[in-house]
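Chain by chain, the residues run as shown.
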Amino acid sequence: MCLKIKDVVTCFKNEAKPVLPKWFAVGLISEGTWFEVSDFGSNSHSHGVFTSGWSFINHKKDVSDFEWSVWAPFLYTSAPWVCVHLVVAEFVRYAFKELLAVWYLTISMLYLLLHVGLPATLFMLMEPCLMYFLLQFRSRVLIYVAGLFLLVFHNVDTRMNFLSISYVSQYMLMISSAWIYMRSQSFCLDRLSSASVRPSASDLMMMLGYCFYFPMMFLGPLVICEEFEAGLQKPYAPWTIQRVKTFALGILRYSWWMLFLELFLHFIYVSALQMELQYVTRLGAWAHYGMGYSMGIMFQMKYIVTYGLSCTVARAEQIQTPNHPKCIGRIHLYSDMWRYFDQGLYFFLRKYIYVPILGESRSFTVKLLASFACFVFICAWHRIYMFVLIWSLLNYLGVTIEAVSKAIASTTHYQKYENFLLSTPQNIRRFHAFIATPLFIMSAVSNFYFFAGMSIGNQFVKRLLEGSLQQNSILFFFCYCCSQVSIEVKNWELRKQKKIP
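Here goes a summary of the coordinates provided. Quick caveat, the model's predicted, so the values are computed rather than measured.

About the cut-offs
- Residue indices begin from 1 for each chain and proceed along its sequence in written order.
- Local features in a predicted model are, by the rule used here, given only for residues with pLDDT of at least 70; side-chain atom pairs are given and counted only at 80 or more, and totals for whole chains, interfaces and linings are based on all residues.
- Only hydrogens and water are removed before side-chain values are computed, so all heavy atoms of the structure are retained for them.
- Secondary structure elements follow DSSP: runs of H or I no shorter than four residues count as helices, runs of E no shorter than two count as strands, and numbering proceeds from the N terminus.
- The contact rule is simple, with two residues in contact once any of their heavy atoms fall within 4.5 Å.
- A side-chain nitrogen of Lys or Arg and a carboxyl oxygen of Asp or Glu constitute a salt bridge if their distance falls within 4 Å.
- Classification of residues uses two cut-offs on accessible area relative to the type maximum, computed with a 1.4 Å probe and protein chains only: under 20% is buried, over 50% is exposed, and between them is partly exposed.
- For the purposes of these results, a polar contact is taken to be a pair of N or O atoms within 3.5 Å, where, inside protein, one atom must be able to donate a hydrogen and its partner to accept one; residues adjacent in sequence count only when each atom of the pair is a side-chain atom.

## Remarks on the environment of Ala-409
Item 1. Residue position: Ala-409 is located in helix α16 (residues 386-409).
Item 2. Non-local contacts of Ala-409, meaning those with residues more than four positions away in its chain, are made with Tyr-414 and Gln-415.

The structure is reproduced here in C-alpha cells:
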C-alpha cells in the first residue's frame with residue numbers, strides 16, 4: 001500500500017499511469033487498482049466529502065469525518081472563550097476563590113445562551129439539577145437507578161428535536177450532555193462517599209460549576225469530581241516563567257498535532273474511503289490493513305488534540321487531569337488500551353462501577369461480572385447501535401480471555417512448566433508476544449467496527465477469514481512484531497519509573 005505521493009510515484013514509476021492531477025491527494029494501490037478523488041462516488045463533492053483545502057498545498061481535503069468537521073471549527077471559535085475563562089478564573093482564584101465555581105457556571109451559561117438560546121440552556125441544566133435533588137435523599141441505590149434511567153434517556157435520538165437549533169448544535173449538545181451525565185454521577189456518588197450531603201446554594205453551585213466546566217464541557221475528557229474539587233481548593237499560585245512556559249508548550253504541542261491532522265486529511269482519504277464500500281472490497285491485503293491502521297491513527301489524533309488542549313488549560317488552573325491517549329501503535333493488550341487511551345473514562349468505570357460491584361470479594365467470577373457491567377455501561381453510554389454492541393462484546397471477550405490467561409499464568413504449576421520448557425527470559429517473552437498476537441488482531445478488528453460501522457467492520461472480518469495462508473501469516477508476523485515493540489516500550493516505562501538504567 002502507498003499512502004504518500006512519493007510512494008505512489010515510486011511504486012508506479014515503470015508503469016503507464018496518468019500524471020497526478022493538481023487535486024490528487026492519495027493513491028490506494030491494490031492489485032493494479034488506481035483510485036483517485038473522482039472514484040469516491042459521483043456525488044462526493046456535492047455531499048461535502050472533499051473541499052478545496054489549503055491553497056499552498058493545492059490538494060483536495062477530506063472533510064467526510066463528521067466528528068472532526070464539527071470539532072475543529074468548534075476548537076477555533078471557542079478559543080477566545082477559553083482565554084477569557086482562564087484569565088478571569090485566575091483573577092477570581094486570587095481575589096474571591098469561593099466564587100470560582102460561580103464563574104465556571106457563568107461563562108458556560110453565557111456561551112450556551114448566545115449559541116443555542118434559552119430553551120436549550122435550560123434543557124442542559126435539567127439533568128444535573130434533578131440529580132442534585134435526588135442526592136438529598138442520601139441513597140446510593142437511588143442515584144444508580146436514576147443514572148440508569150438517564151442512560152436510557154440519552155439513547156433517545158429525538159430527545160432534542162423540540163429545540164429550534166441546527167443539527168450540528170444538537171450534536172454538540174448531545175456530546176456535552178453525555179459528559180454532564182457522567183459528571184453528575186461522579187459528584188453525587190463522591191458526596192455520598194464523603195457523607196457530607198448538605199443542601200446549600202454553594203454546594204449546588206459547585207456541582208453545576210463542575211458539570212459545566214467550559215474547557216471540558218463539550219469534548220471532555222472526564223475529571224473525577226474528587227480531583228476537580230481538590231483543584232478548586234488550591235490557593236492562587238503566581239504565574240512564574242516556568243509555569244507560563246509549561247502552559248505555552250502544552251498549547252503549542254497540541255496545536256501542532258491539530259495542524260498535523262489537518263495536513264493528514266489533505267493526503268490520506270481514509271474517511272472518504274470508508275463511505276465507499278465497493279472500493280474497500282477491491283483493496284488488496286496490504287492496502288486493506290494500511291487503511292485500518294490509518295483509521296486508528298486518525299481516531300487517536302482527534303482525541304489527543306481535544307483532550308490535550310482541554311487538559312492543558314485545566315492543569316494551568318491546578319486541576320489534576322488524565323493523560324492524553326497513548327499511541328495505539330505501542331499497545332497490544334486490551335487491558336492497557338482501556339487503561340491508557342481514555343483514562344478519565346477508565347477512572348470512572350473503576351471507581352463507580354467495577355470497585356463497588358467487586359466489594360471485598362476477590363472471586364474471579366465476581367471480577368468478570370464487574371467487568372461485564374462496565375462494558376454494558378460503555379455500550380449504553382456510546383449509544384446502543386449494532387456496531388457499538390459488537391465492539392463492546394469483542395472488547396469484553398478480549399479482556400476476559402486476557403484475565404483468564406493471567407490467572408493461569410500466575411499459578412505455580414504453569415510457571416514451573418513455562419520455566420522448564422522455555423528456559424530463558426527471552427524465550428518466555430517471545431512466547432507471551434506470540435500468544436498475545438491473536439488478541440491484538442481481534443482488538444484491531446473490533447475497533448474497525450467502532451471507527452467505521454458494520455459494513456467496514458464486516459469487510460475486515462471477511463478479509464481476515466478469506467485471506468490466504470501467506471497473507472495471514474505475514475499479518476500475524478507484523479502484529480507479533482508490534483506486540484514485541486509494545487512489550488519493550490512498556491518495560492522501558494517501568495525502568496524509567498524505577499529509575500533503572
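## So, the pattern of salt bridges
Item 1. On inspection of all chains with the given rule, the structure shows 17 salt bridges.
Item 2. Of the charged contacts, one joins Lys-302 and Glu-67 as a salt bridge, the two residues approaching to 2.7 Å between their closest N and O atoms. A residue pair is termed long-range when its members are at least 10 positions apart, and Lys-302 in helix α12 (residues 285-316) and Glu-67 in helix α2 (residues 66-95) qualify at 235 residues.
Item 3. With a relative accessible area of 4%, Lys-302 lands in the buried category.
Item 4. Linking Asp-157 and Arg-383 is a salt bridge whose minimum nitrogen-to-oxygen distance equals 2.0 Å. Of this pair, Asp-157 sits in the loop between α4 (140-153) and α5 (167-194) while Arg-383 sits in the loop between α15 (364-381) and α16, placing them 226 residues apart in sequence.
Item 5. Given the relative accessible area of 39%, Asp-157 is considered partly exposed.
Item 6. In the salt-bridge network here, residues are joined through shared partners; they are Asp-65, Glu-67 and Lys-302.

## Quick word on the environment of Ser-361
Item 1. In this structure, Ser-361 sits in the loop between α14 (343-358) and α15.
Item 2. Residue class for Ser-361 comes out partly exposed when judged on its relative accessible area of 26%.
Item 3. A polar contact is formed between the side chain of Ser-361 and the backbone nitrogen of Ser-363, at a distance of 3.0 Å.

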